[in-house]
Amino acid sequence: MEKLTNFFTNVMKKYLPDPFVFAIGLTLLTFVLALIVEDISFMDLTTAWGGGFWDLLAFTTQMAVILAMGYVLATAPITDKLLNKIASMVHTPKMAIIVATLVGGIGSYLNWGFGLVIGGIIAKKLALKVKGVHYPLIIAAAYSGFTFYGLGISASIPILISTPGHFLEGAMGLVTLSETIFSLPMIITTIVLLITLPLFNAMLHPKDPKNVVEIDPALYADQPKAKLNLLEDNTLANKLNNSRILAYAIGALGLIYIVIYFTKGNSLNLNILNFIILFLGIILLGTPARYVEHLADGVKTISGIILQFPFYAGIMAIMAASGLVDTIAKIFVDLSNEQTLPFWGLISSFFINFFAPSAGGHWTVQGPFMIEAAKELGASLSETSMSVMLGNAWNDLVQPFWILPALALSRLKLKDIMGFLVMIMFFVGVIYIIAMLAWSYLL
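Here the structure is a predicted model, which means the values were calculated and not measured.

> Describe the overall build of the chain, naming the residues involved and giving the relevant values.
For the chain, the helix and strand inventory stands at 23 helices and zero strands. Relative to its length of 443 residues, the chain is compact, with a C-alpha radius of gyration of 22 Å against a globular reference of 22 Å. Each of the 443 residues in the chain was classed as buried or not, and the buried ones make up 55%. Look at the contacts in the chain between residues 6 or more apart in sequence, and 82% of them connect residues 24 or more apart. Summing over all exposed atoms, the chain offers an accessible surface of approximately 19,400 Å²; the carbon and sulfur share of this is 69%. Placing the 24 positive and 25 negative side-chain charges of the chain at their respective mean positions leaves the two points 17 Å apart.

> Requested: an account of a nonpolar patch on the surface, with residues and values cited.
A cluster of nonpolar residues, L29, V32, L33, L35, I36, V37, F42 and M43, forms a patch on the protein surface that exposes about 750 Å² of accessible area. The element that contributes the greatest number of residues to the nonpolar patch is helix 2 (residues 19-37), accounting for six residues. Looking at the element boundaries, L35 is found in helix 2.

> Before we move on, could you go through the pattern of salt bridges and cite the residues and values that matter?
Applying the stated criterion across every chain, the model contains three salt bridges. Ionic pairing is found between E214 and K131, a salt bridge with its closest N-O pair at 3.5 Å. Of this pair, E214 sits in the loop between helix 11 (184-203) and helix 12 (217-220) while K131 sits in the loop between helix 7 (112-129) and helix 8 (135-144), and the two are 83 residues apart along the sequence. Judged by relative accessible area, which is 35%, E214 ranks as partly exposed. Note on K131: relative accessible area 66%, which makes it exposed.

> Before we move on, can you summarise the packing of aromatic side chains with the specific residues and values?
Throughout the structure, instances matching the rule amount to 24 aromatic pairs. Where F343 meets W344, the ring centres are 4.8 Å apart and the plane angle is 70°; that geometry is what we call edge-to-face. Judged by centre distance (4.4 Å) and plane angle (45°), the rings of F350 and W394 are tilted. A residue pair is termed long-range when its members are at least 10 positions apart, and F350 in helix 19 (residues 341-352) and W394 in helix 21 (residues 381-395) qualify at 44 residues. The exposure classification of F350 matches that of W394, with both residues buried.

> So what about helix 5 (residues 77-88)? Which residues, and what values?
Across its 12 residues, helix 5 extends 16 Å between first and last C-alpha, which sits within 8% of the 16 Å expected from 1.5 Å per residue. By the burial criterion, the buried members of helix 5 are T79, L83 and A87. The buried residues of helix 5 occupy an angular sector of 70° when the element is viewed end-on, so they sit on one face. In this structure, helix 5 carries I78, K81, L82 and K85 as exposed residues pointing more than 90 degrees from its buried face. In the core, the buried residues of helix 5 are packed alongside helix 4 (57-75), helix 6 (93-110) and helix 7.

> For the confidence of the model for the chain, give the residues involved together with the corresponding values.
Mean pLDDT over the chain works out to 89, with 96% of the residues at or above the 70 mark. For residues 226-231, every residue scores under 50 in pLDDT, and the model assigns this stretch two contacts once sequence neighbours within four places are set aside.

> Pulling in residues and values, what's your account of the packing of helix 4 against helix 17 (residues 303-322)?
It is the contact of helix 4 with helix 17, at a shortest axis distance of 10 Å, that shows an interaxial angle of 160°. Accordingly, the angle class assigned to the pair helix 4 and helix 17 is roughly antiparallel. In terms of crossing hand, the pair formed by helix 4 and helix 17 is right-handed. For the pair helix 4 and helix 17, contact is made by F59, T60, M63, A64 and L67 and by I305, I306 and F309, respectively. Looking at the contact of helix 4 with helix 17 residue by residue, the classes come out as seven nonpolar, one polar and no charged.

> Requested: an account of the packing of helix 6 against helix 7, with residues and values cited.
The contact between helix 6 and helix 7 brings their axes to 7 Å, and the two run at 160°. Comparing the axis directions of helix 6 and helix 7 gives the class roughly antiparallel. The handedness of the crossing between helix 6 and helix 7 comes out as right-handed. Only W112, F114, G115, L116, I118, G119, I122, A123 and L126 of helix 7 make contact with helix 6, whose side of the interface consists of A96, V99, A100, V103, G104, G107 and S108.

What counts and how
Residues numbered from 1 in each chain as written. Predicted model: local features only at pLDDT ≥ 70, side-chain atom pairs only at ≥ 80, totals over all residues. Heavy atoms only, no water. Helix = DSSP H or I, 4+ residues; strand = E, 2+ residues; numbered from the N terminus. Rg over C-alpha atoms; globule rule 2.2 N^0.38 Å. Buried < 20%, exposed > 50% of the residue type's maximum accessible area, 1.4 Å probe, protein only. Contact = heavy atoms within 4.5 Å. Areas by Shrake-Rupley, 256 points an atom, 1.4 Å probe, with all protein chains shown as cover. Lys, Arg positive; Asp, Glu negative; His and termini not counted. Charge placed at Lys NZ, Arg CZ, Asp CG, Glu CD. Patch = residues over 30% accessible without salt bridge, like charges linked within 9 Å, V, L, I, M, F, W, Y side chains within 5 Å. Salt bridge = Lys/Arg side-chain N within 4 Å of Asp/Glu carboxyl O. Phe/Tyr/Trp six-rings, centres within 6.5 Å; stacked < 30°, edge-to-face > 60°. Expected span 1.5 Å × (residues − 1). Arc of directions from axis to C-beta. pLDDT = per-residue confidence, 0-100. Axes fitted to C-alpha atoms, helices over the stretch in contact; angles between N-to-C directions. Parallel < 35°, antiparallel > 145°, perpendicular 65-115°, else oblique. Left-handed = near helix turned anticlockwise from the far one by under 90°. Nonpolar A, V, L, I, M, F, W, Y, C, P; charged D, E, K, R; others polar.

The structure is reproduced here in structure tokens:
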């Protein structure tokens, strides 16, 4: 296994560009494929690309907000103390890899933005504390927990199709969460992955100490925070900035609204998730000034997302306008029957996610075709929907776009960790494929 891991690591270091270069290359590749495969002119395709470039601006903001505010929750004092306590109980490299995977995975299951950040933070703490930990691997292991978001309570597609008024409601109705992420097949999949993925990641740790690259404490240690000007301590402005009363008052108001929202029967969506994260963070940080300080640090982790998301929106516009996504999906659907459609949905979703890495946007382009096929073949709508969701979460393991926060926190390059993530991708893929094939036998 170590030889295979080293092979992928060496390949990635030689040939894998930075994420932004990957996005540019993917744009050009999609453009060329659409011109060759589909009957569309260069002018029409260019117009579609430019016209769709900002189509996901609102969604980009939602993604940026959930990640930046997830960073605030992950770095709140109570969270930091918990992570320090966990780190203090770990003494061996392999156990450090296991713990980093579990923290990242459980965090992502609860909320993907929170999980992306908290995994990177615990990985950094463990790398600083535990002697002999291979730093690129522990960052990759922590990031690998991100795949649990596809099984968790912030999974975009299950949340969307359970929400009244979603764009495919006329075709498929409402599919409750008990039929998707809380169904028996998905609960079993979650448990199996939670047990096996940390152990698999630990097996990837280099056996030869000469191959271990440890963290450089001087480079990665947190910089000391600037102290407040003592002359301002007694000013009214400074008292308001550091007022716990203001923080708790607005936090309490936010929590009251959340209770009212759910008691009226409203469902979970990205906006209410962001609302919860925002006001919970304000309460945990305790003062407005402290929240702003942590949020400013969190914003540093989302610069790549803000830059690259429009490029992926443009790619999605190319695929939708040209019909390329239908062509790709149809190839897999034509191979399917009632039993195998979810399997091929998983596989096609994996490949489409390179071009559309947002689950919400991904579902917009692939969902209509898959649901139509499911109805024609008599396949399960809930299983078909989850096949697209899991294909998305599976591909995210090697999708450079979502790795950006982990790279920002760790100060590593994409090529440093991608070799490990390729190995993890193969392992997780086996579990997801078995889950799709076994679904009907578990109900």
